[in-house]
Amino acid sequence: MSSSTTSGSVAAGLLDVTMPQMGVSVAEGTIVEWKVAVGDEIAAEATICEISTDKIDTEVPAPAGGTVTEILVAVGETVEVGTVLARLDTGAEGGGSAAPARAAAVGRSGAGRHYSPVVSRIAAEHEIDLESVAGTGRDGRVRKQDVLALVNGNGDVSGSASASAAVADPPLHIESPYRPDPPAPAVPGAPGAPGGPGTASSAGSPGAVASDGDGLSRMRRQIGEHMKRSLETAATCTTWIEVDMSRVESERARLKVTALAFVARAVIVALREYPALNAWLEGERYTRVDAVNLGIAVSLGEDGLIVPVVHNAHELSEEGLAARIRELARRARARELTADDVRDGTFTITNPGQYGSIMATPIINQPQVGILDLEALVKRPVVVTDAAGNDAIAIRPMTILGLSWDHRALDGVLSAQFLAAVKRELQGG
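A brief report on the enclosed structure follows. None of the values given here were measured: they were computed from a predicted structure. (Residues numbered from 1 in each chain as written. Predicted model: local features only at pLDDT ≥ 70, side-chain atom pairs only at ≥ 80, totals over all residues. Heavy atoms only, no water.)

1. Regarding the sheet that holds strand S6 (residues 57–61)
- If you trace the 4 strands from one edge of the open sheet to the other, you get S6-S5-S3-S8, paired in antiparallel fashion. Strands with a single pairing partner mark the edges of an open sheet, and in this sheet they are S6 and strand S8 (78–80). Between one strand and the next, the sheet's axes are offset by a mean angle of 40°, whatever the strand orientation.
- In the sheet, strand S5 (residues 47–52) pairs with S6 via 5 bridges, with the strands oriented antiparallel. For Thr47, the partnering residue across the bridge sits in S6 and is Pro61.
- Sheet strands in contact with helix H5 (residues 218–233) are strand S3 (28–34), S5 and S6, and its direction is about 170° off that of S3. (Pairing = 2+ DSSP bridges. Helix = DSSP H or I, 4+ residues; strand = E, 2+ residues; numbered from the N terminus. Axes fitted to C-alpha atoms, helices over the stretch in contact; angles between N-to-C directions. Contact = heavy atoms within 4.5 Å.)

2. Looking at the pattern of salt bridges
- For the structure shown, the criterion picks out 16 salt bridges.
- Salt-bridge contacts for Lys228 lead to Glu232; the nearest nitrogen and oxygen are separated by 2.4 Å. Highlighted residues: Lys228 and Glu232, both in helix H5, separated by 4 residues, approximately one helical turn.
- With a relative accessible area of 51%, Lys228 lands in the exposed category.
- Judged by relative accessible area, Glu232 falls into the exposed class, the value being 57%.
- Its salt-bridge partner being Glu282, residue Arg285 comes within 3.3 Å of it at the nearest N-O pair.
- A cluster of three or more residues bridged by salt bridges with shared partners is formed by Asp16, Glu70 and Arg87. (Salt bridge = Lys/Arg side-chain N within 4 Å of Asp/Glu carboxyl O. Buried < 20%, exposed > 50% of the residue type's maximum accessible area, 1.4 Å probe, protein only.)

3. Here's the deal with the packing of helix H7 (residues 259–273) against helix H8 (residues 318–333)
- For the pair H7 and H8, the least separation of the axes is 8 Å and the interaxial angle reads 115°. Considering only the axes of H7 and H8, their crossing is right-handed. In contact with Leu260, Ala261, Phe262, Ala264, Arg265 and Ile268 of H7, H8 contributes Glu318, Leu321, Ala322 and Ile325.
- Counted by class, the contact of H7 with H8 contains 8 nonpolar, no polar and 2 charged residues. (Left-handed = near helix turned anticlockwise from the far one by under 90°. Nonpolar A, V, L, I, M, F, W, Y, C, P; charged D, E, K, R; others polar.)

4. A few points about the packing of aromatic side chains
- The tally for this structure, following the rule as stated, stands at 1 aromatic pair.
- With centroids separated by 5.7 Å and ring planes inclined at 50°, the aromatic side chains of Phe347 and Phe418 adopt a geometry described as tilted. Of the two residues, Phe347 sits in strand S17 (residues 347–350) while Phe418 sits in helix H9 (residues 412–427), which places them 71 residues apart along the sequence. Considered together, Phe347 and Phe418 belong to a single accessibility category, that of buried residues. (Phe/Tyr/Trp six-rings, centres within 6.5 Å; stacked < 30°, edge-to-face > 60°.)

5. Regarding H9
- With 16 residues, H9 should cover 22 Å at 1.5 Å per step; its first-to-last C-alpha distance of 22 Å lies within 8% of that length.
- Every buried residue of H9 is listed here: Ser415, Phe418, Leu419, Ala421, Val422 and Leu426. Looking down the long axis of H9, one finds its buried residues gathered within 150° of arc, a one-sided arrangement.
- On its buried face, H9 sits against strand S10 (236–244), helix H6 (246–255), H7, S17, strand S18 (370–374) and strand S20 (391–406).
- Two residues or fewer past H9, Gly428 is found with a positive phi of approximately 80°. (Expected span 1.5 Å × (residues − 1). Arc of directions from axis to C-beta.)

What follows is the structure, given as structure tokens:
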């Protein structure tokens, strides 16, 4: 379901640079900054502009080396995927690669490899020889995370990624009513005042959204549009189930992982049993997907949220899922995610329960057909039955799982069966 970022020759020697596809649910993007001007020469794979969508902010690489002949979309303008953003003159044959006038800025090496300005800057700051770095990008391209991984592996904690990793992780969540209110000057004891009922725990709370002068930030507006579009598109229903997490609490203490990893594993098992929920619904086209590509909603504080994807999550154990989720969350908060990290999710989990909330109605991450909400683990007195059938009152760590599902693709019985399967897996049968 992915597509290439840039393509489309319009004449001999001319090449279109188009708004890339960042995932099946992304229909448009906004130009944040142009890194070139008309008349500039640029190397293949060097950053030509930065864009923002409701899923990710990312760089758009030049599809080939050449001279910028046209810039067609202004900074701040939002256009649909596939819209031509700029044109390059690659030479008379249409396939040449012009040597850049700003060689240092675009990071072209003597051996012919090309690096983005961000990669070149990080490498220069940490005295890294990029020729020795094995790239994980397309055609072996060295990406920012490749260099940062090397920096972190060398024990250098001066970089922003390392600094962010040292800060306690904020909760993972998606759009939920259970979020701290932003701080506001008020009379002591009033809502929003210090000590009052609406006090935020930190200046970086999700409620304290940065403004660009029009009220909401660009990312917040795009998230809002995406959520509203989901509610207008899907026939959204929500089903809840209560789960005794005693077994999970015991196991996670032994493995030293979070409850989220166990819930993720239980969801994967249930999706294999009920594959109708591991699917996309685009218009009238319903597609079941074999691989479980699990989206995990991650808070970016005041900037909003993003849903990176654990691809082929069905191949991972609880420990593997915990490590992968932790790494994706770290990279999300360090702004190191790539387009591949957020595309092709088949099902999403959100975890607002770390705020202490006990029930929420999550919004489906289009074009998926289901999203699971993990709420707070709360010790409560419940009725338990022993092997002989005798009832007793016991204290158990309980949680409520909420499943929002699309009634266009699913029915209530199937949704309840899926939740029952998740519960059975979490409780150990």
